[in-house]
Amino acid sequence: MKFRLNKGPFLRNKRTTTSIMLELFAVLAVVWAVSIGFYAAKYHVLAGLRVFGIGAISIVVTLLIDVIVALIKGKRKIVDIFKYVLKSYSYVTALIFALCLPAGTSFYVVVIGATVATVIGKYVFGGFGNNIFNPAIIGRIFVGLSFADKLQTIKVVKNVTSSMDTIDVAGSATLTAGMDWTTGINTYAQDNKINLLGTLFGEYQGAIGETFTILLLVAAIYLIIRGIVNYRLTFGYLISAALCCLVVALGYKVENVGEYLLTGLSTGGLMFAATFMITDPVTSPKSQDGKIIYAILAGFLTIFIRTFSTYPEGVMFSIALANMVTPLIDSCIKGNTFENLTKRYIKIAVVLVVCLGVSFGYTKLPKQDSQESVMLIEEYKGGTINEKIC
Amino acid sequence: MIITSRGKKHINGHKELTAHKDIIDLTNDKEVASLVYFPLVSPNGKEVELLVKAKDKVKVGTKIIQRIDFDVPIYSSVSGVVQGVENRYSALIGKPVDHIVIKNDYKYVMEKLPIIDYKKASREEIVEAIKNAGMVGLGGAGFPTFIKYSSNATITSLLINAVECEPYLTTDYVAMIKETKLFLEGVNILKKACGANEAIIAFKNNKKDLLEVLENELVNYENIRVVLVKDQYPMGWEKALIKTVYKKTYQRLPSDVGIVVNNAQTALSVAKALLNGECIHNRIVTVSGNAIKNPSNVLVPVGTLASEILNKCGGVTCDNACLLAGGPMTSKASLSDEFPIYTSFGALTVMEALNIESEACLRCGKCIEHCPAGLQPIQIKNAYDAKDVKDLEEFQTGKCVECGMCSYVCPSKIELTDAIKKAKLYLRLSQTKK
């Protein structure tokens, strides 16, 4: 009898990349469904429909692009095209992207964002597995920079003439943007009467998927137990962000450190990123200690951009920046992973200490809008500035 | 562990298919082993000396081949007449080689080896007897046993490896259950042969019945104890086992840290040779896998054709099957089943061929996390694809033991083990060129 000459081993794990991605998509869909229900119940049925619409449009657009790419690549049979679309995993990108948008986002912005995410974020680099940046983040950064005024939250408008209420956009102010990180006072939270418990259960508006912190935490734990995301990434990112936040709070001598920390961790999509974005395996380093260093860097950058730069939200930029370092980290970690363990721990510790040191350091820099600059502006208005400069 | 790689991982062993079935004795079955075959090369491909010629009459235990490389004899496993030399495929070498053919008369007349009283004999005498009995490691590698006991290093401990971490294999387990007393005698002999003051028998912690049987007998022996290890793959790899049992690591050989490792069945056959005067003539073979009709353990003379054994186990159930001389993780596939069983073959595994479609690397790092040798398989594959010799050296490619773990865990089904095998060869070639 003849036998096959296959390559060994002849026993393989049942887990495939497709099953991992489909399960991740299912978890994302649960978060999406909860958001739809939440918006419909808390605000208006139309708000729930909007949330559904944003996700659905994003998925449909990316699937269409996948089909077009499959046709360009010469796939003609329906089965081949279906297989190509299934194994491109753009639907996961689409849902992550959609969940990063606030509920009042214009639909055409969703279309543009999803297109940019798939085409520029993924196919330009050669498709799944080759992209340097997280595609969803590329899309989100693009719309964030180009259509900042179209990314708005919603409000319910009481209609006087008929009994039906309608919804309208409510501006692009967010909880994270309302936070003064140097003092820990959140004007947005005070105006909208949001307490700490509210930030944990999503009692405020932000991006669709990012507000329900507890649900995201449950999702993260589920994904870790199922072996779909690497816990080193999730916890590395959260711990690093928490430590940096703590150091910044101490540096600025904030009164209520606990509240400051909780606001830092539960708002602005940090928990969403820890669950679904930083854990994207394709754009994170391959080695285990590399993953930790990468997560620490991303966590630090998130807090750094939030509290020090002019951008209120740091999550997207921080992960995109950390993505750039991934190949460097991979090329630095060589040798046997069981040997020189102390050296490996020291490497991780050095990265963490440097991040914390920088975090503490910039809190001690002089504030930019100090009294002096205000005086300068006033002097300028009075026409005395020219003399002073001369 | 939490921060860097974990190494070993649990793999479903499917041992229940054969572990608790009775061993089927095929030695007197006229359809099996009417002709037995012995390859005329040693496992490493070196030449051997043939001691018999056609039409010679042989008995069980007649010396027919002398290995030149290690000076170890090979004995006939049946009584009968030598028929001549025939060229056929050998799963041991991986290509067709000359085999000597012996016609079996099913009488099994035995020519006994000298019996020695090991309690009175000196260490050197025991090692010499082990050498003359043609003892080789029965765990799969077939490395001559006496060499491990002739080293000058001070040995403090003997480790009996009964882990059988490869899925489907149960020969060590059934052999130990069947001949517990003889097995422990063998351990005692080996303990004396290496001059160790203790012997440890290591096997997986899910074999509670074996533990009970052994502990009942162990009261009669001093300084032999059982250590249970986790059900993980590849726990049976010497380095991994020594690290688990003794918390020691070494670079080259276990004797560097004062340990000798031997397989459980080797201990059993040493006892048979020194106490009963039997050479290794019969062999328990696990016939298992997901594409064989009646998975079972069979007792056959060494040199029996695999095809005859497969027929006795109900045959293969599907058209696209892979036949492996050994377990499914480390063995190579054989094109035909017309090859003889060698002394060190513990199993014939018939697996349904998997339809594997590789995808782009997800970069999840699972292969790195679970590599028992602490390597980075995907990085080695990338370096090999780029033919980067410097990187191949830095990633310690030569330390790969080809356990198959990386290909097993890979969700994208990339043929990592295969690529690393090629990378090792490429690295060795380019190093010799310098």
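Please refer to the structure placed before this passage.
Here the structure is a predicted model, which is why all the values come from computation and not from measurement.

Give me the overall build of chain B: which residues, what numbers.
Scanning chain B from N- to C-terminus turns up 13 helices and 17 strands. Expected size for 434 residues packed as a compact globule is a radius of gyration near 22 Å; at 22 Å, chain B falls within 12% of this value. In terms of principal-axis extent, the alpha carbons of chain B reach across some 60 × 50 × 50 Å. Look at the contacts in chain B between residues 6 or more apart in sequence, and 72% of them connect residues 24 or more apart. Carbon together with sulfur atoms contributes 50% to the accessible area of chain B, which is approximately 17700 Å² in total.

Before we move on, could you go through the sheet that holds strand S9 (residues 157-161) of chain B and cite the residues and values that matter?
Residues and elements named next belong to chain B. Taken in spatial order, the four strands make up an open sheet running S11-S10-S9-S12, and their pairing is parallel. Strands with a single pairing partner mark the edges of an open sheet, and in this sheet they are strand S11 (224-229) and strand S12 (259-263). Going from strand to strand, the sheet's axes swing by 25° on average, the running direction of each strand aside. Where strand S10 (residues 198-204) meets S11, six bridges bridge the pair, whose relative direction is parallel. The residue of S11 that forms the bridge with Ala202 is Val227. Here helix H5 (residues 208-218) sits on the sheet and contacts S10 and S11; the angle it forms with S11, its principal contact strand, is near 170°. Running at roughly 120° to S9, helix H6 (residues 238-246) makes contact with S9, S10, S11 and S12 of the sheet.

Just give me the short version of the interface of chain A and chain B, but keep the residues and values in it.
Residue-level contacts link 52 residues of chain A with 73 residues of chain B. When chain A packs against chain B, close to 5200 Å² is buried across both sides, 54% of that on carbon and sulfur atoms. If you look at where chain A meets chain B, you find eight salt bridges. Residue B:Lys399 is joined to A:Glu339 by a salt bridge in which the shortest nitrogen-to-oxygen separation is 3.3 Å. Summed over the shared surface of chain A and chain B, the number is 31 residue pairs in polar contact (both at pLDDT 80 or more). The set of elements that each furnish at least two residues to the side of chain A that touches chain B consists of helix H1 (17-42), helix H10 (231-251), helix H13 (288-308) and helix H15 (341-363) of chain A. Its residues assigned to classes, the side of chain A that touches chain B shows 20 nonpolar, 17 polar and 15 charged.

Go over the pairing of S9(B) with me, naming the residues and quoting the values.
Residue and element names in this part refer to chain B. S9 sits mainly inside the fold: five of its five residues count as buried. Every second residue of S9 is oriented toward a common face, with Ser157, Leu159 and Asn161 on one face and Leu158 and Ile160 on the other, all of them buried. Here S9 runs beside S10; their pairing, made up of five bridges, is parallel. Looking at S10, one finds that Asn161 is bridged to Ala202. In this sheet, S12 lies alongside S9 in parallel orientation, the contact comprising five bridges. Note that in S12 the partner of Leu158 across the bridge is Val260.

Help me get a handle on the nonpolar core, residues and values and all.
Of all hydrophobic cores here, the largest spans 105 residues; its most connected members are A:Leu28, A:Ile96, A:Tyr237, A:Tyr260, A:Phe272, A:Phe276 and A:Met277. If you tally residues by element for this core, the top one is H10(A), at 11 residues. The residues contacting A:Tyr260, other than those within four sequence positions of it, are A:Met179, A:Trp181, A:Gly184, A:Cys245, A:Val248, A:Ala249, A:Tyr252, A:Val254 and A:Thr307. Counting residues in hydrophobic clusters, the runner-up holds 55 residues, among them B:Leu138, B:Ala193, B:Leu211 and B:Leu218.

Could you give an account of the pairing of strand S7 (residues 80-90) of chain B, naming the residues involved and the relevant values?
In the case of a regular strand, side chains alternate between the two sheet surfaces. Residue and element names in this part refer to chain B. Judged from the two bridges that link them, strand S4 (residues 57-58) and S7 form a sheet pairing that is antiparallel. Looking at the pairing, Lys57 lines up with Val81 of S7. Pairing geometry for S7 and strand S8 (residues 95-104), over 10 bridges, is antiparallel. For Glu86, the partnering residue across the bridge sits in S8 and is His99. What sits between S7 and S8 in their antiparallel hairpin is a turn of four residues, with Gly94 showing a positive phi close to 95°.

How would you sum up the sheet that holds strand S14 (residues 296-301) of chain B? Please name residues and give values.
Residues and elements named next belong to chain B. Ordered in space as S1-S14-S13-S17-S15-S16, the six strands form an open sheet in which the pairing is mixed. Edge strands, defined here as strands with exactly one partner in the open sheet, are strand S1 (24-25) and strand S16 (333-334). Two strands pair when backbone bridges link them, and strand S13 (residues 282-288) and strand S17 (residues 347-352) are joined in this way by three bridges, in the parallel orientation. Looking at S17, one finds that Thr286 is bridged to Ala347. Where helix H3 (residues 171-178) meets the sheet, its contacts fall on S13 and S14, and the angle it forms with S13 comes to roughly 130°.

Analysis parameters
Residues numbered from 1 in each chain as written. Chains lettered and ligands numbered in written order. Predicted model: local features only at pLDDT ≥ 70, side-chain atom pairs only at ≥ 80, totals over all residues. Heavy atoms only, no water. Helix = DSSP H or I, 4+ residues; strand = E, 2+ residues; numbered from the N terminus. Rg over C-alpha atoms; globule rule 2.2 N^0.38 Å. Contact = heavy atoms within 4.5 Å. Areas by Shrake-Rupley, 256 points an atom, 1.4 Å probe, with all protein chains shown as cover. Pairing = 2+ DSSP bridges. Axes fitted to C-alpha atoms, helices over the stretch in contact; angles between N-to-C directions. Buried area = accessible area lost by both parts, 1.4 Å probe. Salt bridge = Lys/Arg side-chain N within 4 Å of Asp/Glu carboxyl O. Polar contact = N/O pair within 3.5 Å; in protein donor to acceptor, adjacent residues only side chain to side chain. Nonpolar A, V, L, I, M, F, W, Y, C, P; charged D, E, K, R; others polar. Buried < 20%, exposed > 50% of the residue type's maximum accessible area, 1.4 Å probe, protein only. Core = buried A, V, L, I, M, F, W, Y, C linked by side-chain atoms within 4.5 Å.

It is worth stressing that arrangement in space is one thing and function is another; only the former is reported here.
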